[in-house]
Amino acid sequence: MERSVFQELTMDATIANVTPITDWVDGLLERSAYPDAVIMKINIVIDEIISNISKNAYPETSGQVTVRLQIPENHEDLKLQFVDQGVAFNPLSHEDPDISLALEDREEGGLGILMVKNLMDQVSYERIEEKNILTVYKRV
Amino acid sequence: MTINKSVENNTTKLSLIGRLDTSTAPELEAELQEILPSTENLVVDLEQLEYISSAGLRSLLVAHKQMAQKGGMKLSHVTAAVMEVFDITGFTNILDIE
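Structure report, in brief. Computed from a predicted model, the values in this text were never measured in an experiment.

Details of the overall build of chain A
Consideration 1: In terms of regular secondary structure, chain A is built from three helices and five strands.
Consideration 2: Of the regular secondary structure in chain A, the N- to C-terminal order runs β-α-α-β-β-α-β-β.
Consideration 3: Its C-alpha radius of gyration of 15 Å places chain A within 12% of the 14 Å reference for a compact globule of 140 residues.
Consideration 4: In terms of overall dimensions, chain A has a C-alpha envelope of 50 × 35 × 25 Å along the principal axes.
Consideration 5: Out of the 140 residues belonging to chain A, those deemed buried represent 46%.
Consideration 6: Considering only contacts in chain A between residues 6 or more positions apart, those separated by 24 or more positions represent 67%.
Consideration 7: For chain A, the exposed area adds up to about 7400 Å²; of that, 44% sits on carbon and sulfur atoms.
Consideration 8: Counting 12 positive and 25 negative side-chain charges, chain A places the centres of these two groups 5 Å from one another.

Topic: the interface of chain B and chain A
Consideration 1: Counting from both sides, the interface comprises 22 residues of chain B and, opposite them, 22 residues of chain A.
Consideration 2: Buried surface at the junction of chain B and chain A, summed over both partners, amounts to about 1900 Å²; 64% is from carbon and sulfur atoms.
Consideration 3: A per-residue breakdown of the area chain B buries against chain A is headed by Arg19, Tyr51 and Ile88 of chain B, which together make up 30% of the total.
Consideration 4: Seen at the junction of chain B and chain A, the total is three salt bridges.
Consideration 5: Among the salt bridges present, the one from arginine 19 of chain B reaches aspartate 23 of chain A, with a minimum N-O distance of 2.9 Å.

With respect to the side chain of serine 59 of chain B
Residues and elements named next belong to chain B.
Consideration 1: On the secondary structure map, serine 59 appears in helix H2 (residues 54-68).
Consideration 2: Assessed through its relative accessible area of 1%, serine 59 is described here as buried.
Consideration 3: Ignoring sequence-local partners within four residues, the contact set of serine 59 consists of Ala25, Leu28, Glu29 and Leu32.

A few points about the pattern of salt bridges
Two side chains that carry opposite charge are able to pair once their charged atoms sit near each other.
Residue and element names in this part refer to chain A.
Consideration 1: Evaluation of the coordinates by the stated rule reveals nine salt bridges over all chains.
Consideration 2: In this structure, the salt-bridge partner of lysine 138 is aspartate 121, at a minimum N-O distance of 4.0 Å. Of this pair, lysine 138 sits in strand S5 (residues 131-139) while aspartate 121 is found in the loop between helix H3 (111-119) and strand S4 (122-128), placing the two residues 17 residues apart along the sequence.
Consideration 3: Note on lysine 138: relative accessible area 10%, which makes it buried.
Consideration 4: On the accessibility criterion, aspartate 121 (35% relative accessible area) is partly exposed.

Overview of empty space enclosed by the protein
Residue and element names in this part refer to chain A.
Consideration 1: Within the structure shown, the criterion is met by one cavity of 30 Å³ or more.
Consideration 2: Taken as a whole, the largest cavity holds about 110 Å³ of empty space.
Consideration 3: Surrounding the largest cavity, 13 residues form its lining, Ile53, Asp84, Phe89, Pro91 and Leu134 being those nearest its centre.
Consideration 4: For the lining of the largest cavity, the elements supplying multiple residues, two or more each, are helix H2 (36-57), strand S3 (77-84) and S5.
Consideration 5: When residues in the lining of the largest cavity are grouped by element, the largest group, four residues, is from H2.
Consideration 6: Its residues assigned to classes, the lining of the largest cavity comprises 10 nonpolar, two polar and one charged.

Description of the layout of surface pockets
Consideration 1: Estimates place the volume of the largest pocket at around 940 Å³.
Consideration 2: Along the wall of the largest pocket there are 37 residues; nearest its centre are Glu108, Gly109, Gly110 and Leu111 of chain A together with Arg58 of chain B.
Consideration 3: Contributing elements (two or more residues each) for the lining of the largest pocket: H2 and H3 of chain A together with helix H1 (25-35) and H2 of chain B.
Consideration 4: For the lining of the largest pocket, the residue count by class is 15 nonpolar, 10 polar and 12 charged.

Focus: the environment of arginine 68 of chain A
Residues and elements named next belong to chain A.
Consideration 1: Relative to the elements of secondary structure, arginine 68 occurs in strand S2 (residues 64-71).
Consideration 2: The spacing of arginine 68 and glycine 109 is 41 residues in sequence and 26 Å in space, taken between C-alpha atoms.
Consideration 3: In this structure arginine 68 touches Phe6, Gln7, Glu8, Lys79, Leu80, Gln81 and Val83, once residues within four positions along its chain are discounted.
Consideration 4: Only 3.0 Å separates the side chain of arginine 68 from the side chain of glutamate 8, close enough to count as a polar contact.

So, how was this worked out
Residues numbered from 1 in each chain as written. Chains lettered and ligands numbered in written order. Predicted model: local features only at pLDDT ≥ 70, side-chain atom pairs only at ≥ 80, totals over all residues. Heavy atoms only, no water. Helix = DSSP H or I, 4+ residues; strand = E, 2+ residues; numbered from the N terminus. Rg over C-alpha atoms; globule rule 2.2 N^0.38 Å. Buried < 20%, exposed > 50% of the residue type's maximum accessible area, 1.4 Å probe, protein only. Contact = heavy atoms within 4.5 Å. Areas by Shrake-Rupley, 256 points an atom, 1.4 Å probe, with all protein chains shown as cover. Lys, Arg positive; Asp, Glu negative; His and termini not counted. Charge placed at Lys NZ, Arg CZ, Asp CG, Glu CD. Buried area = accessible area lost by both parts, 1.4 Å probe. Salt bridge = Lys/Arg side-chain N within 4 Å of Asp/Glu carboxyl O. 1 Å grid on protein atoms, 1.4 Å probe; cavity = no way out; pocket = protein on both sides within 12 Å on 5 of 7 lines; lining within 4 Å. Points joined across faces, edges and corners; volume = space filled by probe spheres on them. Nonpolar A, V, L, I, M, F, W, Y, C, P; charged D, E, K, R; others polar. Polar contact = N/O pair within 3.5 Å; in protein donor to acceptor, adjacent residues only side chain to side chain.

As C-alpha cells, this is what we get:
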C-alpha cells in the first residue's frame with residue numbers, strides 16, 4: 001500500500017553518525033521502493049551535508065542535527081531537510097569551484113556542495129530562529 | 001567498505017566494495033599509505049563501489065598525485081553512478097580511467 005511518510009531523526013552531527021543516518025534514510029526509501037540510483041544520490045548528499053554541518057556549523061563544539069524525510073504518497077519525488085542549531089552557515093553562498101582548472105591550480109573545498117547541487121533538483125538554505133535549515137528536493 | 005588487495009609483480013590492485021565516504025575514506029588512505037612506498041603501479045577497481053562522496057574523491061586524488069611520480073594509478077570498471085560524480089567534479093579529466 002502506498003502512503004506518504006514524514007519522519008525525523010535527531011542525532012549528534014558527527015562523522016561517526018553519517019552511517020546510521022544513511023541507513024535510517026535508506027531503510028525508509030527502500031520500503032517505498034525508490035530506485036537505487038536515487039537512493040545512491042541521497043546517500044552522497046547525506047555524507048556531504050552532515051560532514052559540512054559538523055565542520056562549519058559546529059566548528060568548536062558538538063551539536064545535533066535533525067534529519068527530516070518527506071515522501072509523498074505517489075513516490076514521485078522526495079524532500080530531505082537538515083536542521084542544526086550551530087553558527088549561521090549558508091553553504092550555497094560560496095561560489096562553485098572551477099572544475100576546468102588543472103589540478104595544481106584548483107582551490108580546496110566546495111566539491112561536496114557542488115555535488116549536492118548537481119545530484120538534486122533543488123537545494124535551498126534558510127536561517128530561521130537561530131537554526132540552519134538546508135532542504136534538498138529530488139524528483140524520481 | 002571492504003578493500004581487497006592483490007599484488008602481482010610491481011602492480012597492486014585494490015578492489016573497493018561498498019561506500020567510499022567521510023567515514024570510510026580514512027580506511028582507504030591508511031591502506032594507500034601502507035602500499036604506496038612498495039608499489040610501482042596501482043590499479044583501483046571500482047566495480048563494486050556503491051558510491052563515492054567528496055571525501056572519497058580527495059583520497060583518490062592524494063593517491064593519484066603520489067603515484068604520478070611512479071607508474072601511475074588507473075581506475076578500472078567505473079560504474080555509471082561513480083562516473084557521474086567524476087563528471088560533475090571535473091575528475092574525469094584528472095584521473096586515469098580505463
